[in-house]
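# Observations on the model geometry
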Amino acid sequence: MGVMLNLKRNLLTLKVPELPKMLYIETTNKCNLRCVMCPRSVMKRKPGSIKFGFYKKIVDKASKEGIKWIRLHGFGEPLLHPDLVKMIEYAKRKHIQKVDFSTNAMLLNESLAEKIIRAGLDEIQISMDGVTRETYEKIRVGAKWDTVIKNVKNFIALRNKINSKLRIKLQMIKDMSETYSEAKEFRRMWERKVDEVSLTSLSSLPTKKVKRIRGKRSCAGIIPPTCTQPWMTLYIAYNGDVTPCCDDVNLDLKIGNIKNSSIHDLWHSENINEIREIFRKREFQKLKPCRTCYILRGG
C-alpha cells in the first residue's frame, strides 16, 4: 500500500524505470467460462493462443534484457493452453525469478496440478467469487462449485505433499452486489489454508451486468485517482501486440509489437511516453479503455 501511494503521489515527477517490473504474456484469450464481470464480453479480437516457438522467443528476449517477473495469463484461461507446463519450465530454465498466472481452477485436475507444481511455478492465483454455490455459479457462469472446491483443496494438499515453495493465492472481487456480504466469510474460509487471501475491487466495467457496491476508500482525500501500470507493466498479446494496460481488452493502447522490437525499446518508445504524459496530466478521457476504469474514476 505504501509503495503504491508513493507512486501515485509522485506521478508528476516519477521516473520511468529501465525495464517494466512485470511482463504479461497472454497465453490465450480463450476461456471456458462466461463470468459476468469479465471484459471478454466486449472483446473484439479474434480468439487465439500463443505458439510455443514464439513464446520462447519472447522469454529469450525477457531473460537477456533482465526481466525478473513473467505472468502467464491475460484475457483467457491459461489452463486451456496445451503447452502451459512447458512454458513454465522454459521460463524457469531461462532464470526468470518469478513465474505466475491466474486461473479459475475448473481444469486444475490432479494430474495437471502435479505437472504445474513440478514445473517450477512460483505462484498461482485462483479467482473465486463467493462462498456459496449459488453466488459462485451466478457470477462464474459455466463453472461448477463442487469441481472448483475439489480442485483447489487437492492442489493445496498436493503442494504441501510435494513440499513445494509455490505460493497459493485466492482472490475474490469484493465489491459486486453478489459478493459484498460474503467478503469476510471468504477470508475466514481460506486464510489458514493458503498463503494469501486477496479481496480486490473491480477495475473496469465494460458491461452493465454487474452492480458495484461502493465501499469506503482508504485513500480518499489523500491522493487523486490514477494508475501506475504504464510505469510498471507491459502486456504482450498472443500475436505479439503490446499494451501497457492489463485491462486493455481490445488493445486500444497498442504501442507496438514484440516481433520487431526489444522490450527496452517498447518500454521507452514515443507511443508509451505519450500515454504516460496523458496520465501525468490526468486527462484519462483521451484514452478509450481508461474512460470506464473504476480506479481512474475514483473508485
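Here the structure is shown first, and the text comes after it.
In this report, we go over the structure that sits alongside the text. Here the structure is a predicted model, which is why all the values come from computation and not from measurement. Positions within a chain are numbered from 1, following the residues in the order the chain's sequence is written. It should be noted that, the model being predicted, local features are given only for residues of pLDDT at least 70 and side-chain atom pairs only at 80 or more, the latter also being counted only at that level, while totals for whole chains, interfaces and linings use all residues. Here the side-chain values reflect all heavy atoms present in the structure, with hydrogen atoms and water set aside.

### Here we look at the overall build of the protein chain
We count it as follows: Secondary structure follows DSSP: runs of H or I at least 4 residues long count as helices, runs of E at least 2 residues long count as strands, and numbering of each begins at the N terminus. Only protein chains enter the calculation, and the probe is 1.4 Å; a residue is then buried if its accessible area is under 20% of its type maximum, exposed if over 50%, and partly exposed in between. In what follows, a contact means two residues having at least one pair of non-hydrogen atoms within 4.5 Å. Per-residue and other accessible areas were derived by the Shrake-Rupley procedure at a 1.4 Å probe size, with only the shown protein chains allowed to occlude residues.
Within the protein chain, the secondary structure is distributed over 9 helices and 9 strands. Taking all 299 residues of the protein chain together, 54% fall into the buried category. Within the protein chain, residue pairs in contact and separated by at least 24 positions form 73% of the contacts whose partners lie at least 6 positions apart. Per element, the accessible surface of the protein chain, about 14600 Å² overall, is 49% carbon and sulfur.

### Focus on the nonpolar core
The cut-off we apply is this: Think of a nonpolar core as a cluster: buried Ala, Val, Leu, Ile, Met, Phe, Trp, Tyr and Cys residues, connected wherever their side-chain atoms sit within 4.5 Å.
Tyr 55, Leu 72, Ile 116, Met 128 and Trp 190 are the most contacted members of the largest nonpolar core, which has 88 residues in total. Non-local contacts of Tyr 55, meaning those with residues more than four positions away in its chain, are made with Ile 25, Ile 50, Leu 72, Met 87, Ile 88, Tyr 90 and Ala 91.

### Describing the pairing of strand E1 (residues 22-25)
Basically, it comes down to this: Whether two strands pair depends on DSSP finding at least two bridges between them. We call a crossover right-handed when, viewed with the strands running away from us, the connection from the first strand over the helix to the second turns clockwise.
Judged by which residues are buried, E1 turns out to be covered on both faces: Met 22 and Tyr 24 on one side and Leu 23 and Ile 25 on the other are all buried. Across 4 bridges, the pairing between E1 and strand E7 (residues 233-236) is parallel. Bridging from a neighbouring strand, Ile 25 pairs with Ile 236 of E7. Read as a crossover between parallel neighbours, the route from E1 over helix H2 (residues 52-65) to strand E2 (residues 69-71) is right-handed.

### So, the pattern of salt bridges
When the charged atoms of two side chains with opposite charge come close together, those side chains can pair. Counted only if it meets this: The term salt bridge refers to a side-chain nitrogen of Lys or Arg lying within 4 Å of a carboxyl oxygen of Asp or Glu.
According to the stated counting rule, one finds 18 salt bridges in the structure shown. Here Asp 83 makes a salt bridge to Lys 86, at a shortest N to O gap of 3.6 Å. The salt bridge partner of Arg 167 is Glu 123, with a shortest N-O separation of 2.7 Å. Linking Arg 167 in strand E5 (residues 167-173) with Glu 123 in strand E4 (residues 123-127), this pair joins segments that are 44 residues apart in sequence. Connected through salt bridges with shared partners, the residues Lys 98, Glu 123, Arg 167, Lys 169 and Glu 196 form a single ionic network.

### Observations concerning the sheet that holds E2
The condition that has to hold: The axes used here are C-alpha line fits, helices contributing only the stretch in contact, and every angle between their N-to-C directions lies in the interval 0 to 180 degrees.
Read from one edge to the other, the open sheet built from 9 strands follows the order E6-E5-E4-E3-E2-E1-E7-E8-E9, with strand pairing classed as mixed. Every other strand in the sheet has two partners, leaving strand E6 (196-200) and strand E9 (256-257) as the edge strands with one partner each. When E5 meets E6, the two strands line up parallel, connected through 5 bridges. Paired with Ile 173 across the two strands is Thr 200, which belongs to E6. Sheet strands touched by helix H6 (residues 145-162): E4 and E5. Its angle to E5, the strand with the most contacts, is close to 155 degrees.

### What to know about the packing of aromatic side chains
Our working rule: The aromatic pairing rule takes the rings of Phe, Tyr and Trp, using the six-membered ring of Trp, and pairs them if the centres are within 6.5 Å, calling planes under 30 degrees apart stacked, those over 60 edge-to-face and the rest tilted. Our definition puts a charge over a ring when NZ of Lys or CZ of Arg is within 6 Å of the ring centre and also within 35 degrees of the ring normal.
By the definition in use, this model includes 7 aromatic pairs. When the ring of Phe 52 is compared with that of Tyr 90, the centres are 6.4 Å apart and the planes differ by 75 degrees; the resulting orientation is edge-to-face. Taken together, the positions of Phe 52 in helix H2 and Tyr 90 in helix H3 (residues 84-93) put the pair 38 residues apart, joining distant regions of the chain. Judged by relative accessible area, which is 11%, Tyr 90 ranks as buried. On the numbers, 5.4 Å between centres and 80 degrees between planes, the contact of Phe 279 with Phe 284 is edge-to-face. Aromatic ring contacts, followed pair by pair, group Tyr 24, Phe 75 and Tyr 235 into a single cluster. In this structure, Lys 98 packs its charged tip against the face of Trp 69, placed 4.2 Å from the ring centre.

### Focus: the pairing of strand E3 (residues 98-103)
Most of E3 sits inside the fold, with 5 of its 6 residues counted as buried. Relative to E3, E2 is paired through 3 bridges, and the arrangement is parallel. Residue pairing across strands places Ile 70 opposite Val 99, the latter belonging to E3. As for the winding sense of the linkage, the β-α-β connection from E2 through H3 to E3 is right-handed. Relative to E4, E3 runs parallel, the two being bridged by 4 bridges. When the bridges of E4 are listed, Phe 101 appears paired with Ile 124. As a crossover connection, the stretch from E3 through helix H4 (residues 110-119) into E4 is right-handed.

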